[in-house]
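# Close look at the chain arrangement
One-letter residues, chain by chain:
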Amino acid sequence: MFIYVGALFLLPLAGIYHLSNALSFLGLPTLLAAMIAIAMVAGIIYLGYKIPSFFTTIRDFGLNLVSLGFDQIKQLNQIAEETKGSSSEGSSTSHHPT
């Protein structure tokens, strides 16, 4: 969950970084490019804020993603335990001559 929330905070910063680099590449001074990039990212965040229950939907999606990840880990642990149990039984009977 912390990774998901951290990624949500880092996405605007990454957008500002890449937009300012792209605008600097197009010939704008770095300070002006950074100011334009910050304004563009702030505008996108404001548009998301105006959508009803947008942030609640993102939070719920993140919680569902985290619970899905935990369920997958539980299933993989169960499969690993079953495989470990069957391989130890199979190896103990295969080494004994009859």
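Residue numbers run consecutively from 1 along every chain, following the written order of its sequence. In keeping with the model being predicted, local features are shown solely for residues with a pLDDT of at least 70 and side-chain atom pairs are shown and tallied solely at 80 or more, while totals for entire chains, interfaces and linings include all residues. As a convention, hydrogens and water are excluded, and side-chain values are obtained from all of the structure's heavy atoms.

### Details of the overall build of the protein
Secondary structure elements are defined from DSSP: runs of H or I of at least 4 residues count as helices, runs of E of at least 2 residues count as strands, and each element is numbered from the N terminus. Secondary structure summary: the protein contains 3 helices and 0 strands in total. The buried label applies to any residue whose accessible area, calculated with a 1.4 Å probe on protein chains only, is under 20% of its type's maximum; exposed applies above 50%, and partly exposed to all values in between. For the protein, the proportion of its 98 residues judged to be buried stands at 8%. Contact between two residues is taken to exist if any of their heavy atoms lie within 4.5 Å; hydrogens are not considered. Of the contacts made within the protein by residues no fewer than 6 positions apart, 40% connect residues no fewer than 24 positions apart. Carbon and sulfur atoms make up 73% of the accessible area of the protein, which amounts to about 8000 Å² in all. Accessible surface is estimated by sampling points in the Shrake-Rupley manner with a 1.4 Å probe; for residues, cover comes only from the protein chains shown.

### Re the pattern of salt bridges
One speaks of a salt bridge when a side-chain nitrogen belonging to Lys or Arg is within 4 Å of a carboxyl oxygen belonging to Asp or Glu. Using the criterion set out here, one finds 2 salt bridges in the structure. Here K84 makes a salt bridge to E81, at a shortest N to O gap of 3.9 Å. Taken together, the residues span about one helical turn, with K84 and E81 both in helix α3 (residues 54-94) at a distance of 3 residues. On the basis of relative accessibility, which here comes to 54%, the residue K84 falls in the exposed class.

### Some thoughts on the confidence of the model for the protein
Per-residue confidence for the protein gives a mean pLDDT of 83, with 88% of residues at or over 70. Per-residue confidence from the predictor is given as pLDDT, running between 0 and 100. α3 is the least confidently modelled element of the protein, averaging 81 in pLDDT, while helix α2 (residues 30-50) averages 88, the highest of any element.

### Some remarks on the packing of helix α1 (residues 2-25) against α2
Axes are the key here: two packed helices are described by the angle between their axes and the distance separating the axes. Running from amino to carboxyl end, α1 crosses α2 at an angle of 140°, the nearest separation of the two axes being 8 Å. In terms of axis orientation, α1 runs oblique to α2. For the pair α1 and α2, the crossing hand works out as right-handed. Judged by residue contacts, P12, G15, I16, L19, S20, L23 and S24 of α1 engage T30, A33, A34, I36, A37, I38, M40, V41 and I45 from α2. Fitted lines through C-alpha atoms serve as axes, helices being fitted only where they are in contact, and the angles separating the N-to-C directions of these axes extend from 0 to 180 degrees. An angle below 35 degrees is read as roughly parallel, one above 145 as roughly antiparallel, one from 65 to 115 as roughly perpendicular, and any other as oblique. Put simply, a crossing is left-handed when the front helix is turned counterclockwise from the back one by less than a right angle, and right-handed when it is turned clockwise.

### Looking at the layout of surface pockets
By volume, the largest pocket is sized at about 420 Å³. Lining the largest pocket are 14 residues, and of these L8, P12, I45, F55 and I58 lie nearest its centre. Elements that contribute at least two residues to the lining of the largest pocket include exactly α1, α2 and α3. Per-element tally for the lining of the largest pocket: the top contributor is α1, with 6 residues. For this classification, the nonpolar set comprises Ala, Val, Leu, Ile, Met, Phe, Trp, Tyr, Cys and Pro, the charged set comprises Asp, Glu, Lys and Arg, and every other residue, Gly included, is treated as polar. Among the residues forming the lining of the largest pocket, the class breakdown is 11 nonpolar, 2 polar and 1 charged. We place a 1 Å grid over just the protein atoms. Points where a 1.4 Å probe fits but has no way out form a cavity, open points with protein on both sides within 12 Å along at least 5 of 7 lines form a pocket, and any residue with an atom within 4 Å of a point lines it. Grid points are joined across faces, edges and corners, and a volume is the space filled by probe spheres set on the points.

### Remarks on α1
How far a helix is expected to stretch is found by multiplying one less than its residue total by 1.5 Å. End to end, α1 covers 34 Å across 24 residues, agreeing with the expected 34 Å (1.5 Å per residue, within 8%). The axis of α1 is deflected most strongly, by about 30°, at L10, and proline P12 appears within four residues downstream. When we look at burial in α1, the residues that qualify are Y4, S20 and L23. G27 occupies a position one or two residues after α1 and carries a positive phi of about 110°. Fitting axes to the seven residues that end at a residue and to the seven that start at it, the angle between those axes gives the bend at that residue.

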